[in-house]
Amino acid sequence: IQYMRYAFGEIALVVVGILIALQINNWNEERKNRSEEKIILKQLQIDFNSNLKQLDQKISMRVDFMYSSKQLFKYIDHPSLRIKDSIDFYIAKTLPYATFDPIIIDLASTGELGLIKNIELKHALTRWTSEVNDVIEDEIIWKNYINDIYFPFIVDHYQLRTIRNKAYQSNILGQYSLEINKNIESYSKDNIGKSKYKEDFNGLLNNPDLEDHLTRCYSINSWANIQSGILRKRIVEIIKLIDKEIKEEFA
């Protein structure tokens with residue numbers, strides 16, 4: 001009986017030792033996971049703030065496209081207001097397109113999504129990719145329309161050289177460079193001169209097809225901005241969740 005007690009005691013000690021070792025291993029694993037989560041959250045914080053900054057730039061670009069379309073509608077409706085330099089300027093501002101190229105965070109494919117404890121944040125990150133695609137699809141519509149229809153129309157009915165030179169001198173595209181909110185001086189100094197051929201701005205503005213193209217410019221970019229506004233709210237929500245998680249969990 002004494003031997004049996006001794007044997008049971010030995011077994012109990014071994015079991016307790018195993019349980020302690022497992023608990024220590026779990027603690028270490030949890031600490032490792034929280035450390036990895038902190039790294040992921042910090043990177044997400046940087047990436048989503050970058051995405052927000054870029055999205056705001058694209059929204060601003062589309063506002064310019066839409067405003068320029070409306071200014072040209074005024075010249076179409078009121079011929080007495082027509083000024084060639086202004087017409088060239090606003091035509092130039094309807095020719096670019098905005099393309100949102102965000103940092104895509106796909107934690108699900110890497111298995112890192114499981115490291116994030118906040119369920120609400122997990123769900124928001126899971127929806128992120130599909131919501132981005134909705135905006136990009138709208139941008140592609142305008143990009144293709146410009147390249148396939150609008151540009152050829154301008155080339156057929158006006159002189160693109162003068163318009164493009166106006167874009168250079170006004171730094172229209174330079175202000176939308178990768179260095180957000182910084183004008184590109186080298187771009188604004190570019191100069192290809194004015195066309196020596198006749199530029200019939202009245203003929204262009206009186207062409208009913210121009211009104212249709214400007215309507216497409218306004219409507220497509222307006223809808224893209226509505227979608228972008230929704231996406232912007234999502235990004236802000238994600239940033240708030242990330243900031244809150246970092247503050248509460250790792251303060």
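Residues numbered from 1 in each chain as written. Predicted model: local features only at pLDDT ≥ 70, side-chain atom pairs only at ≥ 80, totals over all residues. Heavy atoms only, no water.

1. Some points on the packing of aromatic side chains
And then number 1: Tallied over the full model, the rule gives five aromatic pairs.
And then number 2: Plain terms: the ring middles of Y67 and Y90 are 6.1 Å apart, the flat faces sit at 65° to each other, and that makes the pair edge-to-face. Residue Y67 is located in helix α1 (residues 2–77), and its partner Y90 is located in helix α2 (residues 84–93); the two are separated by 23 residues in the primary sequence.
And then number 3: Ring geometry for W142 against Y145: centres 5.7 Å apart, planes inclined by 15°, an arrangement best described as stacked. Remark: Y145 and W142 occur in helix α4 (residues 119–157); sequence separation between them is three residues, near one turn of the helix. For the pair W142 and Y145, a shared accessibility class is recorded, and that class is buried.
And then number 4: Taken together, the aromatic side chains of Y67, F89 and Y90 make up a single cluster linked through ring pairs. (Phe/Tyr/Trp six-rings, centres within 6.5 Å; stacked < 30°, edge-to-face > 60°. Helix = DSSP H or I, 4+ residues; strand = E, 2+ residues; numbered from the N terminus. Buried < 20%, exposed > 50% of the residue type's maximum accessible area, 1.4 Å probe, protein only.)

2. Focus: the packing of α4 against helix α5 (residues 160–169)
Angle between the axes and distance between the axes: these two values describe a pair of packed helices.
And then number 1: Look at α4 against α5: their axes get within 8 Å of each other, and the N-to-C directions meet at 115°. On α5, the residues touching F151, I154 and V155 of α4 are L160, I163 and R164.
And then number 2: Of the residues belonging to the contact of α4 with α5, the class tally is five nonpolar, no polar and one charged. (Axes fitted to C-alpha atoms, helices over the stretch in contact; angles between N-to-C directions. Contact = heavy atoms within 4.5 Å. Nonpolar A, V, L, I, M, F, W, Y, C, P; charged D, E, K, R; others polar.)

3. Quick word on a negative patch on the surface
And then number 1: Where like charges cluster on the molecular surface, the negative patch consists of D77, D209, E211 and D212.
And then number 2: For the negative patch, the leading source of residues is helix α8 (residues 208–249), giving three residues.
And then number 3: With respect to the element layout, E211 can be found in helix α8.
And then number 4: Using a relative accessible area of 34% as the deciding quantity, one classes E211 as partly exposed. (Patch = residues over 30% accessible without salt bridge, like charges linked within 9 Å, V, L, I, M, F, W, Y side chains within 5 Å. Areas by Shrake-Rupley, 256 points an atom, 1.4 Å probe, with all protein chains shown as cover. Salt bridge = Lys/Arg side-chain N within 4 Å of Asp/Glu carboxyl O. Lys, Arg positive; Asp, Glu negative; His and termini not counted. Charge placed at Lys NZ, Arg CZ, Asp CG, Glu CD.)

4. As for the side chain of K93
And then number 1: Assignment of secondary structure puts K93 in helix α2.
And then number 2: Within polar-contact distance, the side chain of K93 engages the side chain of D64 at 3.4 Å. (Polar contact = N/O pair within 3.5 Å; in protein donor to acceptor, adjacent residues only side chain to side chain.)

5. Regarding the nonpolar core
And then number 1: One finds L72, I91, W142, Y150, I154, L205 and L210 to be the most contacted residues of the largest nonpolar core, which totals 28 residues.
And then number 2: Counting residues per element, the ones that place at least two in this core are α1, α2, α4, α5, α7 (201–205) and α8.
And then number 3: If you tally residues by element for this core, the top one is α4, at seven residues.
And then number 4: Apart from residues no more than four positions distant in its own chain, L205 is found in contact with L72, Y75, I76, R82, I87 and L210.
And then number 5: Counting residues in each nonpolar core, the second largest holds 25 residues, with I40, I59, W128 and L241 among its members. (Core = buried A, V, L, I, M, F, W, Y, C linked by side-chain atoms within 4.5 Å.)

6. Examining the environment of Y150
And then number 1: As for its position among the elements, Y150 is in helix α4.
And then number 2: We classify Y150 as buried; its relative accessible area is 0%.
And then number 3: Remark: the alpha-carbon pair of Y150 and C217, spanning 67 residues in sequence, is separated by 9.3 Å.
And then number 4: Filtering out sequence-adjacent residues up to four positions away, Y150 remains in contact with I91, T94, L95, W142, Y145, L210, H213 and L214.

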